[in-house]
Amino acid sequence: MVSPTLALFVRSKGPDEFWRKRRIFKLAAHFRGRKRNCYSIAVRYVHRALVYATKGRKLKKMDMAELWSRRVQAGCEQYGITLDTFKDTLTRNNILLNKKSLSDLAIWEPKSFETLVKLSRERAVVDSLPGLTERSVMNQVYGLANLKLDK
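Residues numbered from 1 in each chain as written. Predicted model: local features only at pLDDT ≥ 70, side-chain atom pairs only at ≥ 80, totals over all residues. Heavy atoms only, no water.

Caption draft 1: The arrangement of the packing of aromatic side chains in detail. In total, this model carries four aromatic pairs according to the counting rule given. Ring plane angle 80° and centroid distance 4.9 Å describe the contact between Phe-18 and Trp-19, whose orientation is recorded as edge-to-face. Between Phe-86 and Phe-113, the ring centres sit 5.4 Å apart and the planes meet at 50°, which makes this aromatic pair tilted. Of the two residues, Phe-86 is situated in helix H5 (residues 83–92) and Phe-113 in helix H7 (residues 110–126); the sequence distance between them amounts to 27 residues. Grouping residues by exposure puts Phe-86 and Phe-113 together as buried. Stacked on the ring of Tyr-39, the Lys or Arg Lys-21 has its end atom at 5.2 Å from the ring centre. (Phe/Tyr/Trp six-rings, centres within 6.5 Å; stacked < 30°, edge-to-face > 60°. Helix = DSSP H or I, 4+ residues; strand = E, 2+ residues; numbered from the N terminus. Buried < 20%, exposed > 50% of the residue type's maximum accessible area, 1.4 Å probe, protein only. Lys NZ or Arg CZ within 6 Å of the ring centre and 35° of its normal.)

Caption draft 2: Spatial organisation of the packing of helix H6 (residues 99–108) against H7. The geometry of H6 relative to H7 is characterised by a closest axis approach of 6 Å and an angle of 120° between their N-to-C directions. When the axis of H6 is compared with that of H7, the two are oblique. Where H6 approaches H7, its residues Leu-102, Leu-105, Ala-106, Ile-107 and Trp-108 are matched on the opposing element by Pro-110, Ser-112, Phe-113 and Leu-116. Class assignment of the residues belonging to the contact of H6 with H7 gives a composition of eight nonpolar, one polar and no charged. (Axes fitted to C-alpha atoms, helices over the stretch in contact; angles between N-to-C directions. Parallel < 35°, antiparallel > 145°, perpendicular 65-115°, else oblique. Contact = heavy atoms within 4.5 Å. Nonpolar A, V, L, I, M, F, W, Y, C, P; charged D, E, K, R; others polar.)

Caption draft 3: The side chain of Ser-120, seen in detail. With respect to the helices and strands, the residue Ser-120 is situated in helix H7. The buried category is assigned to Ser-120, whose relative accessible area is 0%. Looking at Ser-120, its side chain comes within polar contact range of the main-chain oxygen of Val-117, at 2.8 Å. Excluding its chain neighbours within four sequence positions, the residues that come into contact with Ser-120 are Ile-81, Phe-86, Thr-89 and Asn-93. (Polar contact = N/O pair within 3.5 Å; in protein donor to acceptor, adjacent residues only side chain to side chain.)

Caption draft 4: Broad picture of helix H4 (residues 39–78). Given a rise of 1.5 Å per residue, 40 residues ought to cover 58 Å, and the 57 Å separating the end C-alpha atoms of H4 matches this to within 8%. Taken together, the buried positions of H4 are Ile-41, Ala-42, Val-46, Ser-69, Val-72, Gly-75, Cys-76 and Gln-78. Looking at the buried side of H4, the elements it contacts are helix H2 (15–27), helix H3 (34–37), H5, H6 and H7. Just downstream of H4 lies Gly-80, where phi reads positive at about 75°. (Expected span 1.5 Å × (residues − 1).)

Following this line, the structure appears as structure tokens:
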């Protein structure tokens, strides 16, 4: 019978090493070449991918917030009011909508967004706030119902 010595016992890393390597290989399964098969290389590339994934999540949030702001700003410019005045008058009217919901209204529900703009324009006139301009004919959105085709 072979009795394991202390040196052999220390060398054996046991099941922990198997599961640690398995976790890395699982994360590297979609890589190509030695990045997928060789543990020492896979560790580096998996770590790098996880760092980029973390940065990407933050960048995605920033990109979406910027997109929502741009959409709301475009909707406000269409109806002749600045974004700051629009937000200020909405809070004065006790209408508490976030950027995402305002953006969705501006894109998918233009009539609802127009009523919000009308409410905020009326409040801005009453409170004599700056940032109101005349609504330009060039900035209007035309749908099929608005077009008059000559026959």
